[in-house]
Amino acid sequence: MDTGEPETIAVFKTWLVENGAHIHPDVRFEPVSSGFNVVAGSDVPADVTVVSIPFSLAVTPQGAEPALEALFARKRSSSADAPLDSLTERELVCTYLCMHWIADPSHRDVLRHAPYIDTLPATDKLRTPLHFSAAELEAFRGSNLYGATLDRRRDWEAEWQKAKAVVSAANASWGDAFTWEKYLTASTYLSSRAFPSTVLSESPTLVTTPTSYPVLLPGIDALNHARTHPVSWIVSSRARPSSESSPTEPTISLVVHRPTPRGAELLNNYGPKPNAELVLGYGFALAHNPDDTIVLKIGGGAPSGGTGRWEVGRGARGAEPVWEAVLSAVHAQNADDGDDEAAEGEGEDVGASAAVEDEMCAADMLAEMAQSLYDRLPQFPPPNADEMRPEVVQMLGHYLEGQSDILQSLVAFAREKEEHALQLACEQGLDIVDEEDAEQEE
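### Concerning the nonpolar core
Okay, so step 1: Judged by nonpolar contacts, the single largest core of 76 residues is most densely connected at Ile53, Phe72, Met99, Phe178, Leu217 and Ile220.
Okay, so step 2: Not counting the four nearest positions on each side in its chain, Leu217 is found in contact with Ile53, Ala58, Phe195, Val199, Leu200 and Trp233.

So this is what it looks like as structure tokens:
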């Protein structure tokens, strides 16, 4: 039956099935400005497997490396080896994706994911910050996301140069064609569509670990994200359809637990993600995202004395460890200045007074830090909004709303700590001197 889908989608679906995957017959790919949405061609009941693929169909570094080795062996233009073992898991996958655009179609036996890659959004449809115009990125200046974008570009460019050297060692003409634009596109596919390798296990999970790495799951990764949408990841084993005697292999399935009416979008759930991560890695943001956070770095706040890193969410969620780090830094500074020893030598009242003063100082420092970050946030609506695409303006608005709300809650949290310290001083009959008032009197 003609579904009205583009030819690339028909080829992709056929390729999935021929390689042991299952896709629900009512799944339709609907063209949208960002690529494709997956919608229900008819009413899809709850608790239905939408897509399942064998592990062997996933794009993984374990599959990319032997494919690249076989490819490079065919077209080696020098006696030098291409040191694939120098590439990280991410670099291997990105290089494998890029070679689909560089090598001619005669190599499709080793570059076997072409039908999948052909369905991915064109470069001009990508909306992550490294695909922003200069004016669009400038609108984020003053936020953590602006700095994170510059850091990511630096890191990915270093990866590209490293991978380009490996490809060039195999074949000079391929190395010339291995451009930054191609590597950026492949890297963006990985950041916006990949799942942690922990999903490819007997007990699949979206929780990353120090040893996990990104993998692509053709078909499964086509579904967009909906926060709290009820889905399950199920791993099972089944025989390959090519022969009854085929050995079994594990498959990963996505089960959607909510009914989807005809024409509505079939959705996945990537897990709780703040807008900073969604914008940087995926190219979209959620309005009033409850999972929003801001990253704070505090010098001297780490146990080693270095810079500590904390995430604080809405309602000052997670602020207590930040408070402890700031308070610890104040204690340490006063100890270096000799204040603690002087307080101990002058009696318990003076020592208690010093402790309360430390709390007040820490509260003031925390409030000033949060207020400073708030004041540095870019203006919204941005003055150059007419130079920006509407979807990027919307992303900026959603992101800044969350950052503003969190920083305001952190200022309020710090002031509560200050009030608590003052109340404690009053209860203990301590005479606390406000340093600013003292300076004004002088």
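Picking up after the structure, the text goes on.
### Overview of the packing of helix 6 (residues 144-170) against helix 9 (residues 275-282)
Working note: a packed helix pair is described by the angle between its axes plus the distance between those axes.
Okay, so step 1: Direction vectors running N to C along helix 6 and helix 9 enclose 35°, while the axes themselves pass 11 Å from each other. As for the relative orientation of helix 6 and helix 9, their crossing is right-handed in sense. Along the contact surface, helix 6 presents Leu145, Ala148, Thr149 and Arg152, while helix 9 presents Ala276, Val279, Leu280 and Gly281.
Okay, so step 2: Its residues placed into classes, the contact of helix 6 with helix 9 shows 5 nonpolar, 2 polar and 1 charged.

### Re the environment of Tyr374
Okay, so step 1: Tracing the backbone shows Tyr374 in helix 12 (residues 348-376).
Okay, so step 2: Classification of Tyr374 as partly exposed rests on a relative accessible area of 30%.
Okay, so step 3: Between the C-alpha atoms of Tyr374 and Ser143, which are 231 residues apart in sequence, the distance is 9.0 Å.
Okay, so step 4: Those residues within four positions of Tyr374 in sequence are excluded, and the remaining contacts are Ser404, Leu407 and Gln408.
Okay, so step 5: A polar side-chain atom of Tyr374 sits 3.3 Å from a polar atom in the side chain of Gln408.

### Comments concerning the pairing of strand 2 (residues 27-32)
Okay, so step 1: As paired elements, strand 2 and strand 3 (residues 35-40) share 6 bridges and run antiparallel to each other. The partner of Arg28 across the bridge, within strand 3, is Val39.
Okay, so step 2: Between strand 2 and strand 3, which follow one another and run antiparallel, lie 2 residues.

### Side note on the layout of surface pockets
Okay, so step 1: Roughly 1400 Å³ of volume is contained in the largest pocket.
Okay, so step 2: Together, 42 residues line the largest pocket, and Arg152, Ala276, Glu277, Leu280 and Arg309 are the ones closest to its centre.
Okay, so step 3: Going through the elements one at a time, helix 6, helix 8 (180-193), strand 5 (195-196), helix 9, strand 11 (293-299), strand 12 (307-313), helix 12 and helix 13 (390-427) are the ones with two or more residues in the lining of the largest pocket.
Okay, so step 4: Ranked by residues supplied to the lining of the largest pocket, first place goes to helix 6 with 9 residues.
Okay, so step 5: Of the residues assigned to the lining of the largest pocket, the class counts are 22 nonpolar, 9 polar and 11 charged.
Okay, so step 6: Contributing to the lining of the second largest pocket are 32 residues, with Ser34, Asn224, Tyr282, Gly283 and Phe284 lying nearest its centre.

### Concerning the side chain of Lys417
Okay, so step 1: Looking at the element boundaries, Lys417 is found in helix 13.
Okay, so step 2: Separated by 3.0 Å, the side chains of Lys417 and Glu320 make a polar contact.

### Some points on the state of the cysteines
Note: disulfide means a covalent bond formed between the sulfur atoms of two cysteine side chains.
Okay, so step 1: Summed over all chains, the structure comprises 0 disulfides.
Okay, so step 2: Take Cys94: it sits in no disulfide, and the sulfur closest to it among the cysteines is that of Cys98, at 6.7 Å.
Okay, so step 3: Cys94 sits in the buried class, given a relative accessible area of 0%.
Okay, so step 4: The class for Cys98 is buried, based on a relative accessible area of 0%.

### Quick word on unusual backbone geometry
Okay, so step 1: The omega torsion of the bond from Phe380 to Pro381 falls at 0°, within 30 degrees of zero and hence cis.
Okay, so step 2: Here Pro381 shows up in the loop between helix 12 and helix 13.
Okay, so step 3: The phi dihedral of Asp47 falls on the positive side, at around 60°, and the residue is not glycine.
Okay, so step 4: Note on placement: Asp47 falls in the loop between strand 3 and strand 4 (48-54).
Okay, so step 5: The residue Thr228 is not glycine, and still its phi comes out positive at about 65°.
Okay, so step 6: Mapped onto the elements of the fold, Thr228 is located in the loop between strand 7 (224-225) and strand 8 (231-239).

Reading the values: the criteria
- Residues numbered from 1 in each chain as written.
- Predicted model: local features only at pLDDT ≥ 70, side-chain atom pairs only at ≥ 80, totals over all residues.
- Heavy atoms only, no water.
- Core = buried A, V, L, I, M, F, W, Y, C linked by side-chain atoms within 4.5 Å.
- Buried < 20%, exposed > 50% of the residue type's maximum accessible area, 1.4 Å probe, protein only.
- Contact = heavy atoms within 4.5 Å.
- Axes fitted to C-alpha atoms, helices over the stretch in contact; angles between N-to-C directions.
- Helix = DSSP H or I, 4+ residues; strand = E, 2+ residues; numbered from the N terminus.
- Left-handed = near helix turned anticlockwise from the far one by under 90°.
- Nonpolar A, V, L, I, M, F, W, Y, C, P; charged D, E, K, R; others polar.
- Polar contact = N/O pair within 3.5 Å; in protein donor to acceptor, adjacent residues only side chain to side chain.
- Pairing = 2+ DSSP bridges.
- 1 Å grid on protein atoms, 1.4 Å probe; cavity = no way out; pocket = protein on both sides within 12 Å on 5 of 7 lines; lining within 4 Å.
- Points joined across faces, edges and corners; volume = space filled by probe spheres on them.
- Disulfide = S-S within 2.5 Å.

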